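Fold and geometry: a report
Letter by letter, the chains look like this.
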Amino acid sequence: QSQSSALDADGAAAAAAAAAAAAGASGLPAALGSEVLCADTFRRLRRVLETYTDVTRYPRPVRPDAAVLVAARDDGYVDMASVKALQEHWPGSELRLVNGGHVSAFLMHQDAFRAALRDSLVRLERGAPAASATLN
């Protein structure tokens, strides 16, 4: 982690602590300018999250063709655009959709997640696709 990234994270944490202190016991902004502080906190937090949670910023796996992605259709945390960006970033990966939200899909469709893991392992055992197959 670079020093500037650590400073950004520390700055966001300090701003969040200051905003919480400014809110007081009522939970409502009590200090003059606290709305600006809260906006700055959210801006910094968004920058930190976008920097470290965007998987397209990281190297692709050695065998993206073996990846089976499972996504929830009604996920309120991981939107479909992010899921499709990941699938495009990992060429040859497969995307499977299940009904539900971020947590309910996992709880209600564990069989789909197990099947995805099993199918991914089978693909790894089969080995890499032939070079001519990846060029088409």
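Predicted, not measured: the structure shown is a model, and the values here were computed from it.

Considerations on the overall build of the chain
When helices and strands are counted, the chain shows six helices and two strands. Secondary structure elements in the chain, listed N-terminal to C-terminal, are α-α-β-α-β-α-α-α. Split into buried and exposed, the 136 residues of the chain put 23% on the buried side. Put simply, the chain shows about 9400 Å² of open surface, and 60% of that area lies on carbon and sulfur atoms.

Side note on the pattern of salt bridges
Taken as a whole, this structure holds seven salt bridges when the rule is applied. Two residues, Asp 40 and Arg 43, come together in a salt bridge whose shortest N-O distance is 2.2 Å. With Asp 40 and Arg 43 both in helix H2 (residues 34-53) and three residues apart, the pair spans about one turn of that helix.

A look at the side chain of Asp 75
Tracing the backbone shows Asp 75 in the loop between strand E1 (68-72) and helix H3 (80-89). Buried Asp 75, no salt bridge; nearest opposite-charge side chain is Arg 73, N-O distance 12 Å. From its side chain, Asp 75 meets the backbone nitrogen of Val 78 in a polar contact 2.8 Å long. Side chain to side chain, Asp 75 and His 102 meet in a polar contact 2.8 Å long. Other than its neighbours up to four places away in sequence, Asp 75 contacts Gly 100, Gly 101 and His 102.

As for the packing of aromatic side chains
Evaluation of the coordinates by the stated rule reveals one aromatic pair. Seen from their ring centres, Phe 106 and Phe 113 are 5.4 Å apart, and the 65° between their planes marks the pair as edge-to-face. Phe 106 sits in the partly exposed class, given a relative accessible area of 44%. For Phe 113, a relative accessible area of 24% gives the class partly exposed.

Digging into helix H5 (residues 110-126)
Here H5 contains 17 residues, and its C-alpha end-to-end distance of 24 Å stays within 8% of the 24 Å for a straight helix at 1.5 Å per residue. For H5, the set of buried residues is Ala 115, Ala 116, Ser 120 and Arg 123. Projected down its long axis, H5 shows its buried positions confined to an angular sector of 135°, all on one face. Opposite the buried face of H5, at more than 90 degrees from it, the exposed residues are Leu 117, Arg 118, Leu 121 and Glu 125. Looking at the buried side of H5, the elements it contacts are E1 and strand E2 (94-98). Among the residues trailing H5, Gly 127 stands out with phi positive, at a value near 95°.

Quick notes on the rules
Residues numbered from 1 in each chain as written. Predicted model: local features only at pLDDT ≥ 70, side-chain atom pairs only at ≥ 80, totals over all residues. Heavy atoms only, no water. Helix = DSSP H or I, 4+ residues; strand = E, 2+ residues; numbered from the N terminus. Buried < 20%, exposed > 50% of the residue type's maximum accessible area, 1.4 Å probe, protein only. Areas by Shrake-Rupley, 256 points an atom, 1.4 Å probe, with all protein chains shown as cover. Salt bridge = Lys/Arg side-chain N within 4 Å of Asp/Glu carboxyl O. Lys, Arg positive; Asp, Glu negative; His and termini not counted. Polar contact = N/O pair within 3.5 Å; in protein donor to acceptor, adjacent residues only side chain to side chain. Contact = heavy atoms within 4.5 Å. Phe/Tyr/Trp six-rings, centres within 6.5 Å; stacked < 30°, edge-to-face > 60°. Expected span 1.5 Å × (residues − 1). Arc of directions from axis to C-beta.

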